[in-house]
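Here are the chains, one letter per residue:
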Amino acid sequence: MALLFDADFNRPSVSRTFHHLDGRPFTDEEQALADAATIEEFQAAGVRVYDPEAGAEAEAAATELARLVYSYALRNHQALVQFMTHEDMLEYDRLCGIIAAGAHS
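Conventions used here
- Residues numbered from 1 in each chain as written.
- Predicted model: local features only at pLDDT ≥ 70, side-chain atom pairs only at ≥ 80, totals over all residues.
- Heavy atoms only, no water.
- Helix = DSSP H or I, 4+ residues; strand = E, 2+ residues; numbered from the N terminus.
- Contact = heavy atoms within 4.5 Å.
- Areas by Shrake-Rupley, 256 points an atom, 1.4 Å probe, with all protein chains shown as cover.
- Buried < 20%, exposed > 50% of the residue type's maximum accessible area, 1.4 Å probe, protein only.
- Core = buried A, V, L, I, M, F, W, Y, C linked by side-chain atoms within 4.5 Å.
- Lys, Arg positive; Asp, Glu negative; His and termini not counted.
- Salt bridge = Lys/Arg side-chain N within 4 Å of Asp/Glu carboxyl O.
- Polar contact = N/O pair within 3.5 Å; in protein donor to acceptor, adjacent residues only side chain to side chain.
- Phe/Tyr/Trp six-rings, centres within 6.5 Å; stacked < 30°, edge-to-face > 60°.
- Lys NZ or Arg CZ within 6 Å of the ring centre and 35° of its normal.

Participant: Go over the overall build of the protein, please, and point to the residues and values.
Facilitator: Scanning the protein for helices and strands turns up six helices and zero strands. Residue pairs at least 24 apart in sequence account for 30% of intrachain contacts in the protein once pairs closer than 6 positions are excluded. Entry remark: accessible area of the protein is about 8,500 Å², with carbon and sulfur atoms responsible for 60%.

Participant: Tell me what's going on with the environment of D6, and back it up with residues and numbers.
Facilitator: Mapped onto the elements of the fold, D6 is located in the loop between α1 (2-5) and α2 (28-35). Given the relative accessible area of 27%, D6 is considered partly exposed. Contact partners of D6, with chain neighbours within four places excluded, come to H19, H20, L21 and R24.

Participant: Now, about the nonpolar core: what can you tell me, with residues and values included?
Facilitator: Nonpolar side chains in soluble globular proteins generally cluster together in the buried interior. Counting 10 residues, the largest nonpolar core consists of L3, L4, A7, F18, F26, A34, A37, F42, A45 and V47. Discounting chain neighbours no more than four positions away, the residues touching L3 are H20, F26, E30, L33 and A34.

Participant: Give me the side chain of E30: which residues, what numbers.
Facilitator: Looking at where E30 falls in the secondary structure, it is placed in helix α2. With no salt bridge to any partner, buried E30 finds its closest opposite charge in R24, at an N-O distance of 5.3 Å. Within the structure, E30 has its side chain in polar contact with the backbone nitrogen of T27 (distance 2.8 Å). If near-sequence neighbours (up to four positions away) are discounted, E30 is found in contact with L3, H20 and P25.

Participant: Just give me the short version of the packing of aromatic side chains, but keep the residues and values in it.
Facilitator: The full count for this structure, using the stated rule, is two aromatic pairs. Between F18 and F42, the aromatic rings sit 6.1 Å apart at their centres with planes inclined by 40°, giving tilted as the arrangement. Within this pair, whereas F18 is found in the loop between α1 and α2, its partner F42 is found in helix α3 (residues 39-44), the two being separated by 24 residues in sequence. For F42, a relative accessible area of 9% puts it in the buried group. Taken together, F18, F26 and F42 form an aromatic cluster joined through their ring pairs. The positively charged end of R75 is found above the aromatic ring belonging to Y72, 4.7 Å away from the centroid.

Participant: Help me get a handle on the pattern of salt bridges, residues and values and all.
Facilitator: With the rule as written, the count across this model stands at three salt bridges. Between E64 and R67 there is a salt bridge whose closest N-O contact spans 3.2 Å. Of this pair, E64 and R67 both sit in helix α4 (residues 52-75), three residues apart, roughly one helical turn. Under the relative-accessibility criterion, E64 is labelled partly exposed at 47%. In this structure, E91 and R94 form a salt bridge, with 2.8 Å as the shortest nitrogen-oxygen distance. Taken together, the residues span about one helical turn, with E91 and R94 both in helix α6 (residues 86-103) at a distance of three residues.

Here it is, written out as structure tokens:
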């Protein structure tokens, strides 16, 4: 772990060779240790690691959050008006009119 804290992850690199914060390239032994590090170890060292599973989980959570907020908005729609700009209120009224017309047809 100490090795990862001394790695310069902001340094652009054509290869996957790591460098120390002072610019020295990792030795072969250090490089092997870094290559064997887990995602969790990189994240603990402050490296942002792209994780496609986390991205999918975040997208699913955002969708679920939108559904939850929507369910409250339907039941308490008048409370939302106080937070809207004039333009948003006009759009809100327009959309409510469309929904009402569709519900009665």
